[in-house]
Amino acid sequence: MHRKVAFIIGKKRLKRNVAFTISIYILVAFSIIAIFSPVLTPYDPYTITGTPLEKPSMGHILGTNDLGQDIFSRLIYGTGITLFVGFVGGGLAILIGTFVGIVSGYYGGVIDEFITRGIDLLMVIPMFPLLLVLASFLEVSMTRISILMGILGWTMFARVIRSQVLSLSEYNFIYGAKAMGASDSYIMIKHILPNILPLIIVKFVFAVQTYMIMGVGLGFLGLGDPTTISWGQMINRAYTNGGFALGMWWWLLPPGLIIAFLSIALSLGGYSLEDKINPRLRREIEIS
Amino acid sequence: MSLLRIIGLKAYFPTQDGIVKAVNTVDLEIEKNERVGLIGETGCGKTVLGFAIMRLLQPSTNIEGRIMYNGKDLLKLSEEEMRKIRGKEIAMIFQNPPTFLNPVLKIGYQIAESTQLHQGLDKKAAKEKAVGMLEAVKIPLSSKRVSEYPHQFSGGMKERAMIAMGLACDPSLIIADEPTKGLDITIKMQIVKLMKEVTRQGSMLFITHDLGVAAEICDNIAVMYAGELVEYAKTEDIFKNPMHPYTRGFLNSLPSRGLKQIRGISPSLIDLPSGCRFHPRCDHIEEVCKNWHPEMVECDKGHYVRCLQYG
Amino acid sequence: MRIEYVIKRLFYCFLAFFVGISITFVILHLMPGDYISHLLINIESTISPEASEAFKHKFGLDKSLTEQYFIYIDNLLQGDWGYSFEYGVPILNIVVEKLRWTLILLIPATLLSLLIGVFIGAYFGWKSGSKLDLSVLNVMIFIRAIPSYWWALMFVLIFGFYLGLFPLGGYMGIGVLESGTDYLDILHHSLLPMITLTLCSIPGNYYLMRNSMLLTVGEDYIITARGKGLSEKDILFKHTVKNAMLPMVTMITLELVFMISGSVFIETIFSWPGMGMLMIDAMNARDLPLLQGIFLMDTLLIIIANFTADMLYSCIDPRVKVGE
Ligand SMILES: Nc1ncnc2c1ncn2[C@@H]1O[C@H](COP(=O)(O)OP(=O)(O)O)[C@@H](O)[C@H]1O
Ligand SMILES: [Mg+2]
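Residues numbered from 1 in each chain as written. Chains lettered and ligands numbered in written order. Predicted model: local features only at pLDDT ≥ 70, side-chain atom pairs only at ≥ 80, totals over all residues. Heavy atoms only, no water.

### Overview of helix H11 (residues 232–250) of chain C
And step 1. Its 19 residues give H11(C) an end-to-end C-alpha distance of 27 Å, which sits within 8% of 27 Å, the value for a rise of 1.5 Å per residue.
And step 2. When the local axis directions of H11(C) are compared, the greatest deviation, roughly 40 degrees, occurs at Thr240(C).
And step 3. Listing the buried residues of H11(C) in full gives Asp234(C), Ile235(C), Leu236(C), His239(C), Thr240(C), Val241(C), Asn243(C), Ala244(C), Leu246(C), Pro247(C), Met248(C) and Val249(C).
And step 4. At its buried positions, H11(C) is contacted by helix H4 (107–118) of chain B together with helix H5 (91–126), helix H9 (183–217), helix H10 (220–227), helix H12 (252–270) and helix H14 (288–316) of chain C. (Helix = DSSP H or I, 4+ residues; strand = E, 2+ residues; numbered from the N terminus. Expected span 1.5 Å × (residues − 1). Bend = angle between axes of the 7 residues up to and from the residue. Buried < 20%, exposed > 50% of the residue type's maximum accessible area, 1.4 Å probe, protein only. Contact = heavy atoms within 4.5 Å.)

Quick look at the structure:
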């Protein structure tokens, strides 16, 4: 008699589908902006094209910052790095997490025990502070920082994937494939991976969202490559160099609103996807 | 006046795939001190019928008909009034104790709960009563067991605990839903013996798909197929003189009679066959069976059948 | 009777603690750029090689990494967390002092967000499917999606800057110099960051609790409870909430980790003198021992949360086997 849950999800399904489509469109739009930012910007974001602290005008839609650079152009240019950090960092975390999770859940026994305990131990390390320290000491490019983020953040995903694989391994088709003499790697790729793919995609969407926010956050804290234009860095600059005290909302608000907007879009996409994958799966994810 | 009288009961579940017609125009009577067996294949609607009597089906279910209990129609009672009947006057022993027992509450607490609620016992008295109930269902060391959790009980003991929970308030009617399912044969026989003993007084609707067990316990047997009753008679009549082809098939599938399975599979409750529900699997099919839906008719005294052979 | 289990968990905690600090020690000491050379860049002057050597000798930096590691562990076991390069005082003192400030925010925020999140989640998990439920769900998704630092900035801007209801940052007013510590004043300063931290943590708790409730409500034993004639209230409080809380307990650790990350931003934005600010300071100054101390404290907090979760879980869920 577990059908109550399924019913509710059924009713919501339609609305959620719309949300998902919208969030895909938004993502595509942002990607286009990122790719074509040199064409879309009225000014070069690095050069001084006006007097400092100009108000919004026809010349500078969002005014200029304290150096006299065009804020709108910088905003456009910041899109790419935000998406990049989200997709590379989130993608890497999911990739490692999926690999470890599948291996752990599929082999079980000693290997599983070893990996699970290992993850338990890793989880006591404060990863976010560690990321900050690494980012600040190594003074590396955003690419490397994204990779670092992925490497530091996979443990959660490995856990979720593992418990999902574990519940799959009890099914007959796995036994069947084993009995037919299929190799382990064949079973993992051909039988297990497709079955957990919906879950992986959902987790990927949320990971991208989290990592985008985190990437902007690092910029806000003044970390990362100072020569790459990023929304975080823009917020930081506006906040510390007077945009705040002078009440220049057109300087402070746009980068923050835009990351919030992107994040909401992705998160709606993630939740609607989560609704789509079947309720039984849901059950296991939440309990794990 | 009979204790329970079900008239034209229907229970339909609207689902995404269509309407599941789980219970279809069921008429059934249970007298005081009578034990009626309800048998049928898995998925034919037995549990849903039990739930309908208890009014435990989810609110989205379409229910029609009347369920007269002591002259009152249960379907017309308010939720508040119904609550006073559940557990106290009509109690259900649920099908699958491992999932129907709350894993984080003590067995004793789960038994004591209804006596505290309906009989106004205080905590201490309720606990003593729970110990007594566990003793009554033959659980050894009951005063210790009462403080244990479901996972510490074996399968047979969970079933006993479930029975104890159902009986705790001396209900006038017990609905026992397959209490012997999944138990091995020795434990099954113990439970059957126990059920016979503890329900000597009071009425019972005994749901099972095990005819042997029903024969042991019940005075009358109702046979259910695809959401409707197809035969109703005294237990010995069902065994000596089964009339409906389905009942006969069911009997032939008993181990003592050669384990002959009925051919075909039970129909989907969403797309029910036209005419007689059983015709696609019946060996005595005639043309008329395909479009004519037979009514229940009394062939012998107290022996009802839903089959055109007897119409 | 559970002693064995407790001891096992404690042992595991020690192991985790040891592994955790060892990993951070190695990572921190492999970082390029030491304190002295970094200091020199900042003050744009030179320092004699002798002085630099003397500094290194004083802090034991002239020894090999392995040697330093064992000295560090040995000191730790004696309760000595080392000295900060920058402040020249025992790290334990600084960290404990800053931790107090962080906890002033963290403890009320955690409790409050748990309480509110669990309550709302439990209610709408129980009464799911209504219009209100869907709106609340969407609002929560919205709150969660907006970064914590953006909430913080907006709150400062609106409630501090425009409305002037709260101070823009810091932990005490200027008046403290004359009048001594004023607890009301501290409370006034702490309110906005606390609210921000609470707000950002509510959706996570809510979502988990709601889902957990949805699953629990669909469980068969809820039907049993209804079949006994229990009232909806009794079913909710006695049969559903406790079961639905179980997955929440396992999330305590993750919740804390989330809060630690969040408080770095909140403290920076509100200039709140806690662990997060201390870390940014130590990072900018390349104060390795201090950073190590901060990691030590964070690790300790996470392990304590872990242990608490284990103990709580074994109390609520009788199925946790003794000694497992
Ligand atoms: N809540 C529900 N929603 C939809 N279909 C249901 C629901 N509950 C039961 N059913 C369907 O009703 C039919 C009868 O179920 P049940 O009464 O449990 O059978 P059984 O005779 O084995 O006890 C089954 O086909 C089942 O799938
Ligand atoms: Mg059943």
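### What about the site of ligand 1?
And step 1. Ligand 1 sits among 16 residues. The nearest are Gly43(B), Lys46(B), Thr47(B), Val48(B) and Gln58(B).
And step 2. Those chains with residues close to ligand 1 are chains A and B.
And step 3. One of the backbone nitrogen or oxygen atoms of Gly43(B) is found 2.6 Å away from an oxygen atom of ligand 1.
And step 4. Backbone polar atom of Gly45(B) to an oxygen atom of ligand 1: 3.1 Å apart, as the coordinates give it.
And step 5. Here ligand 1 loses 83% of its free accessible area of 560 Å² to cover by the protein chains.
And step 6. The element best represented in the shell around ligand 1 is helix H1 (residues 46–54) of chain B, accounting for 3 residues.
And step 7. When its residues are assigned to classes, the shell around ligand 1 shows 7 nonpolar, 6 polar and 3 charged. (Near = heavy atom within 4 Å. Polar contact = N/O pair within 3.5 Å; in protein donor to acceptor, adjacent residues only side chain to side chain. Areas by Shrake-Rupley, 256 points an atom, 1.4 Å probe, with all protein chains shown as cover. Nonpolar A, V, L, I, M, F, W, Y, C, P; charged D, E, K, R; others polar.)

### A few points about the sheet that holds strand E6 (residues 90–93) of chain B
All names here are of chain B.
And step 1. Here 8 strands make up an open sheet; going across it, the order is E6-E7-E8-E3-E9-E10-E12-E11 and the pairing mixed. Both outer strands of the open sheet, E6 and strand E11 (297–300), are each paired with one neighbouring strand and no more. This sheet shows a mean twist of 20 degrees between the axes of neighbouring strands, independent of strand direction.
And step 2. Here strand E3 (residues 35–39) pairs with strand E9 (residues 220–225) via 4 bridges, running parallel. (Pairing = 2+ DSSP bridges. Axes fitted to C-alpha atoms, helices over the stretch in contact; angles between N-to-C directions.)

### With respect to the nonpolar core
Soluble globular proteins tend to bury their nonpolar side chains together.
And step 1. Grouped together as the largest cluster of nonpolar side chains are 160 residues, with contacts concentrated most on Leu132(A), Ile192(A), Val95(C) and Ile294(C).
And step 2. Top element by residues in this core is helix H9 (residues 184–220) of chain A. It accounts for 17 residues.
And step 3. When neighbours within four sequence positions are excluded, Val95(C) is seen to be in contact with Trp81(C), Met275(C), Leu278(C), Leu290(C), Gly293(C), Ile294(C) and Met297(C).
And step 4. Ranked by size, the runner-up nonpolar core spans 94 residues in total, among them Leu4(B), Met133(B), Ile174(B) and Cys218(B). (Core = buried A, V, L, I, M, F, W, Y, C linked by side-chain atoms within 4.5 Å.)

### Some words on the domain arrangement of chain B
Residues and elements named next belong to chain B.
And step 1. The assigned domain composition of chain B is domain 1 (4–83 + 175–267) and domain 2 (90–170).
And step 2. Between domain 1 and domain 2, the C-alpha centre-to-centre distance is 24 Å.
And step 3. The interface of domain 1 with domain 2 comprises 23 residues on the first partner and 17 residues on the second.
And step 4. The interface formed by domain 1 and domain 2 includes 1 salt bridge.
And step 5. Across the salt bridge formed by Lys138 and Glu197, the nearest N and O atoms sit 3.0 Å from each other.
And step 6. There are 6 residue pairs in polar contact (both at pLDDT 80 or more) connecting domain 1 and domain 2.
And step 7. Every element with two or more residues in the side of domain 1 that touches domain 2 is listed here: H1, strand E7 (173–177) and helix H8 (185–198). (Domains from an automatic or database assignment. Salt bridge = Lys/Arg side-chain N within 4 Å of Asp/Glu carboxyl O.)

### Things to note about the interface of chain C and chain B
And step 1. On the side of chain B, 24 residues touch chain C, which itself brings 20 residues to the contact.
And step 2. Each partner contributes to the roughly 2,000 Å² buried at the junction of chain C and chain B, and carbon and sulfur atoms together form 62% of this total.
And step 3. Summed over the shared surface of chain C and chain B, the number is 12 residue pairs in polar contact (both at pLDDT 80 or more).
And step 4. Taken together, the elements giving at least two residues each to the side of chain C that touches chain B come down to H10 and H11 of chain C.
And step 5. Here the side of chain C that touches chain B is composed, by residue class, of 6 nonpolar, 6 polar and 8 charged. (Buried area = accessible area lost by both parts, 1.4 Å probe.)

### Details of a nonpolar patch on the surface
Residues and elements named next belong to chain A.
And step 1. A grouping of Ile24, Val28, Ile32, Ile35, Phe36, Val39 and Leu40 is seen on the molecular surface, where their side chains present a nonpolar patch of about 660 Å² in accessible area.
And step 2. Counting only elements with at least two residues in the nonpolar patch, the list comes to helix H1 (3–35) and helix H2 (37–40).
And step 3. The dominant element in the nonpolar patch, judged by the number of residues it contributes, is H1, at 4 residues.
And step 4. On the secondary structure map, Val28 appears in helix H1. (Patch = residues over 30% accessible without salt bridge, like charges linked within 9 Å, V, L, I, M, F, W, Y side chains within 5 Å.)

### As for the interface of chain A and chain C
And step 1. In this complex, chain A contributes 53 residues to the contact, which on the side of chain C involves 58 residues.
And step 2. At the boundary of chain A with chain C, total buried surface from both sides reaches about 5,200 Å², with 75% on carbon and sulfur atoms.
And step 3. For the chain A face of the interface with chain C, the top three residues by lost area are Val124(A), Phe137(A) and Phe244(A), together amounting to 14%.
And step 4. Counting across the chain A and chain C interface gives 0 salt bridges.
And step 5. Taken together, chain A and chain C are joined by 5 residue pairs in polar contact (both at pLDDT 80 or more).
And step 6. Residue assignment for the side of chain A that touches chain C shows that the elements contributing at least two residues are H1, helix H4 (109–122), helix H5 (127–138), H9, helix H10 (231–240), helix H11 (249–276) and helix H12 (279–287) of chain A.
And step 7. Split by residue class, the side of chain A that touches chain C holds 36 nonpolar, 8 polar and 9 charged.

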